[in-house]
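A look at the structure
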Amino acid sequence: MSKSRLKYICTSCGYESLRWLGKCPECDSWNSFSEELVEISKRKNSPVANQKSTIYKINEISAAEEDRVKTGIKEFDRVLGGGIMPGSIILLGGDPGIGKSTLAMQAAANISSNVLYVTGEESPKQIKLRALRLKIKSDNFFILAETNLNNILSSIKEAQPSIVVIDSIQTMHSEQFDNSPGTVTQIRECTSLLMEEAKKGHFAVILIGHVTKEGIIAGPKVLEHIVDTVLQFEGESNHSFRILRSQKNRFGSTNEIGIFEMHENGLAEVKNPSELFLSDREKNVSGSVITASVEGTRPILLEVQALVTPSNFGNPQRVTTGFDGRRLSILLAVLEKRANLRLSANNVFLNMAGGVRIFEPAVDLAVCCSIASSLLDKIIDNKSVVIGEVGLGGEIRSVGNIEKRIQEAEKLGFKRIFIPSNNLKGLKLNTEIKISGVGNLMELLQVIYK
Ligand SMILES: [Zn+2]
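Here is what the cut-offs are and how they apply
Residues numbered from 1 in each chain as written. Predicted model: local features only at pLDDT ≥ 70, side-chain atom pairs only at ≥ 80, totals over all residues. Helix = DSSP H or I, 4+ residues; strand = E, 2+ residues; numbered from the N terminus. Buried ≥ 20, exposed ≤ 12 C-beta atoms within 10 Å, placed from the backbone. Domains from an automatic or database assignment. Core = buried A, V, L, I, M, F, W, Y, C linked by C-beta atoms within 7 Å. Contact = placed C-beta atoms within 7 Å. Pairing = 2+ DSSP bridges. Axes fitted to C-alpha atoms, helices over the stretch in contact; angles between N-to-C directions. Right-handed = clockwise from strand over helix to strand, strands pointing away. Parallel < 35°, antiparallel > 145°, perpendicular 65-115°, else oblique. Left-handed = near helix turned anticlockwise from the far one by under 90°. Expected span 1.5 Å × (residues − 1). Nonpolar A, V, L, I, M, F, W, Y, C, P; charged D, E, K, R; others polar.

Once that is clear, we can look at the overall build of the chain. Broken down by element type, the chain carries 11 helices and 21 strands. Oriented by its inertia axes, the alpha-carbon framework of the chain measures out at about 80 × 50 × 50 Å. Put simply, the chain has 450 residues, and 41% of those count as buried.

See below:
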């Protein structure tokens, strides 16, 4: 016997309430509550005697890297931490139309064992057309057009796949609940049912989820807590670059990114991102500075662009693309106070070229230089790279992975690199590139904009 009652659930984070609320106390979303029928059923937890649990000796459990299923797409495998872990659940989120299905199909197509692609949105014919476009010829790629989870689970038993792709989790529903597909209850329930089966059957599941306007994966943030890995596939739909970022990974690091380029016949890996990000660079323009960021294990050179213009109104604008707005405010205050640059009456627009998002503070100094360059209309030599974290006192703090950054700059033909002077200590590099240590912001600005 099961009872059911009405509840209000936040579609963003899954917070439950007995009455409707305008603002979610958990995640601060407005208007995110929807009415849902919640079944309070005793889930058929089998009595103890029926299920025999296995106890393992820790030394007997295999955790070898070769257990992972390699997709052959290196950018994808690396972001996952070396391939797909059997029994794991991967949530692949991103804006509609960004290429999630394409990525999942391309990744699954190279796997030598069985793959089951469950489509809830497109017909098998549409999938076939995409497969033709992507030149997928795999003989063990199975397609199932189904949204009923119970049917899917029995098809999984039949096909014995090692990877199951669910496209998308928002279209799936379980008969146990009367709620319509896409509601928090359904998404959560379908995911946990799949998860249970995946752990038992030792297959991995890639869940495709659409992102809401607010940038939250698949509405319910609850999913992020359930699944093993959360991958975010991002990029501008009018740009051809796509970035795969891991936001959570129980089987690898979370700061790796994979870079792809969208072509007519699918996604191509970008093996040398620095070259790509610097290729469109306009040389000898004020406000442009090159920096070296390390994303995961890989250094990427990129261009920081700033545009500083006088503001005619009392409220100057600060607009950033690919950089934290609050961090920009801090850096502007430091520039104003420590370098005597009058910025409070100016609009500041800051852009990380190429559509990447950079979170690490090692790009601070390049951001400051690009703003100063645009304000003073002085060009920084285009053969130089600038690296360093800026402290509130205007001091330059050391950054990690300095050797990698220097080597990448040298590899791409840069002649000079400015690094924090503390990073000079113990630096053992045999390089052609001229390395200059910088102690504080003023010092550097005087050198490059004298
Ligand atoms: Zn919420």
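Take the domain arrangement of the chain next. As a measure of interface size, the accessible area lost when the parts come together is often cited. Taken domain by domain, the chain comprises domain 1 (1-42), domain 2 (69-271) and domain 3 (276-448). Each of domain 1 and domain 3 was reduced to a C-alpha centroid, and the two centroids are 46 Å apart.

Of all hydrophobic cores here, the largest spans 113 residues; its most connected members are I90, A108, I163, L207, C368, C369 and I387. In terms of residue count, helix 9 (residues 364-376) provides more of this core than any other element does, eight residues in total. L207 has contacts with I89, I90, L91, L92, I166, I169, T191 and V227, leaving out every residue within four places of it along the chain.

This brings us to the sheet that holds strand 10 (residues 241-249). Strand order in the open sheet formed by nine strands is 6-5-7-8-4-9-10-11-12, and the pairing between neighbours is mixed. Taken across any chain shown, the strands that pair with only one partner, and hence form the sheet edges, are strand 6 (141-145) and strand 12 (266-269). Here the average twist between neighbouring strands, direction ignored, is 25 degrees. Bridging between strand 11 (residues 257-263) and strand 12 involves four bridges; their strand directions are antiparallel. Following the sheet pairing, M262 is matched in strand 12 by L267. The sheet strands contacting helix 5 (residues 184-201) are strand 4 (89-94) and strand 8 (204-210), and the helix crosses strand 8 at an angle near 165 degrees.

In terms of burial, helix 2 (residues 100-109) is largely enclosed, as nine of its 10 residues are buried. Taken residue by residue, helix 2 has K100, S101, L103, A104, M105, Q106, A107, A108 and A109 as its buried positions.

Note that G394 resides in the loop between strand 18 (389-390) and strand 19 (396-397). C-alpha separation for the pair G394 and A333, spaced 61 residues apart in sequence, amounts to 9.9 Å. Discounting residues that sit within four places of it in the chain, G394 has contacts with V334, R338, A339, N440, L441 and M442.

Further remarks concern unusual backbone geometry. Leaving glycine aside, a negative phi is the common case for residues, and trans is the common case for peptide bonds. Omega for the peptide link from D167 to S168 comes to -5 degrees, which places this bond in the cis form. Structurally, the position occupied by S168 is in the loop between strand 7 (163-167) and helix 5. Of note in the backbone geometry, K135 takes a positive phi value of approximately 55 degrees without being a glycine. Along the chain, the position of K135 falls in the loop between helix 3 (124-133) and strand 6. In this structure K135 comes out as exposed when scored by C-beta crowding, with 10 C-beta atoms within 10 Å.

Of the strand pairs in this sheet, strand 15 (residues 318-321) and strand 16 (residues 346-352) are connected by four bridges, and their pairing is parallel. By the bridge assignment, V319 is partnered in strand 16 with F349. Taking the sense of rotation as the criterion, the β-α-β connection linking strand 15, helix 8 (residues 325-338) and strand 16 turns out left-handed.

Another point: the packing of helix 9 against helix 11 (residues 441-448). Where helix 9 contacts helix 11, the two axes come as close as 11 Å, and the packing angle between them is 50 degrees. Between helix 9 and helix 11, the angle falls in the class oblique. For the pair helix 9 and helix 11, the sense of crossing is right-handed. Across the interface between the two elements, L365, C368, C369 and A372 from helix 9 touch L441, L444, L445 and I448 from helix 11.

The pairing of strand 5 (residues 115-119) with strand 6 spans five bridges and is classified as parallel. By the bridge assignment, L116 is partnered in strand 6 with F142. Note on the crossover from strand 5 through helix 3 to strand 6: the handedness is right-handed.

Looking at the element boundaries, H239 is found in the loop between strand 9 (229-234) and strand 10. Overall, H239 belongs to the exposed group, with 11 C-beta atoms counted inside 10 Å. In this structure the C-alpha to C-alpha distance between H239 and N351, which are 112 residues apart in sequence, comes to 15 Å.

What follows concerns helix 8. Along an α-helix, residues three or four apart share an orientation, since each turn contains 3.6 residues. The end-to-end C-alpha separation of helix 8 is 20 Å, in line with the 20 Å expected for 14 residues at 1.5 Å each. Residues of helix 8 that are buried in the fold lie against strand 16, helix 9, strand 18 and helix 11. With its phi angle positive at about 50 degrees, N340 sits one or two positions after the end of helix 8.

A few words on the packing of helix 4 (residues 149-159) against helix 5. Viewed as axis vectors pointing N to C, helix 4 and helix 5 meet at an angle of 15 degrees, and their least axial separation amounts to 11 Å. Between helix 4 and helix 5, the angle is such that the two are roughly parallel. Helix 5 is crossed by helix 4, and the crossing has right-handed handedness. Here L149, L153 and I156 of helix 4 come into contact with helix 5, specifically with C190, L193, E197 and G201. Per-class residue counts for the contact of helix 4 with helix 5 are five nonpolar, one polar and one charged.

The subject of this paragraph is the environment of T291. In this fold, T291 is placed in strand 13 (residues 288-295). With near-sequence residues (within four places) excluded, T291 lies in contact with L302, V304, V363, A366, V385, V386 and I387.

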